[in-house]
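Descriptive structure summary
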Amino acid sequence: LTKMVGLKGTGRILYKPLGPNKVKTTARQAIETMEAGLKNPKKAYIYHCENHYAQIIGYEKTPLNPEYAYKTRQEIEEVECRQWLALGDSA
């Protein structure tokens, strides 16, 4: 993709559990890598599906149990959470 738009950079598949070019990265490992990478101004992530591209611009963790909705981040790190990706789509 970087070559297609004339930018310098490298790319790799972070998470693909099935099909050709599948990777050994687990879903948990991919989320942790992406969370750290989204905080780095020198990294960008592209979501690709069915020849459609969108930029991943953020994420949110929400606890599965509503009782934890107003707890601090440190308090909910140990709690089961659902993670959401924020996509920037130009289409």
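Residues numbered from 1 in each chain as written. Predicted model: local features only at pLDDT ≥ 70, side-chain atom pairs only at ≥ 80, totals over all residues. Heavy atoms only, no water.

Some details on empty space enclosed by the protein
Inspection of the entire model under this criterion finds one cavity of 30 Å³ or more. The computed volume of the largest cavity comes to approximately 40 Å³. Considering the residues around the largest cavity, the lining is formed by Ile31, Met34, Glu35, Leu38, Tyr59, Gln83 and Leu85. Elements supplying a minimum of two residues to the lining of the largest cavity: helix H1 (27-38) and strand E3 (81-88). The element contributing the most residues to the lining of the largest cavity is H1, with four residues. (1 Å grid on protein atoms, 1.4 Å probe; cavity = no way out; pocket = protein on both sides within 12 Å on 5 of 7 lines; lining within 4 Å. Points joined across faces, edges and corners; volume = space filled by probe spheres on them. Helix = DSSP H or I, 4+ residues; strand = E, 2+ residues; numbered from the N terminus.)

Structural notes on the environment of Ile76
Along the chain, Ile76 falls in helix H2 (residues 73-76). With relative accessibility at 13%, the residue Ile76 sits in the buried group. Separated by 31 residues in sequence, Ile76 and Tyr45 have C-alpha atoms that sit 26 Å apart. (Buried < 20%, exposed > 50% of the residue type's maximum accessible area, 1.4 Å probe, protein only.)

Quick look at unusual backbone geometry
Unlike most non-glycine residues, Asn21 shows phi in positive territory, near 65°. Looking at the secondary structure, you find Asn21 in the segment before H1.

A look at the pattern of salt bridges
Throughout the structure, instances matching the rule amount to two salt bridges. Of the charged contacts in the structure, one is a salt bridge between Glu32 and Arg28, with a shortest N-O distance of 3.0 Å. Of the two residues, Glu32 and Arg28 both sit in helix H1, four residues apart, roughly one turn of that helix. On the basis of relative accessible area, Arg28 is assigned to the partly exposed category, the value being 41%. A salt bridge links Glu35 to Lys61; its shortest N-O distance comes to 3.6 Å. One end of the pair, Glu35, is in helix H1; the other, Lys61, is in strand E2 (residues 52-63), with 26 residues separating them in the sequence. Of the residues examined, Lys61 reaches a relative accessible area of 25% and is grouped as partly exposed. (Salt bridge = Lys/Arg side-chain N within 4 Å of Asp/Glu carboxyl O.)

The values are spatial; any link to function lies outside them.
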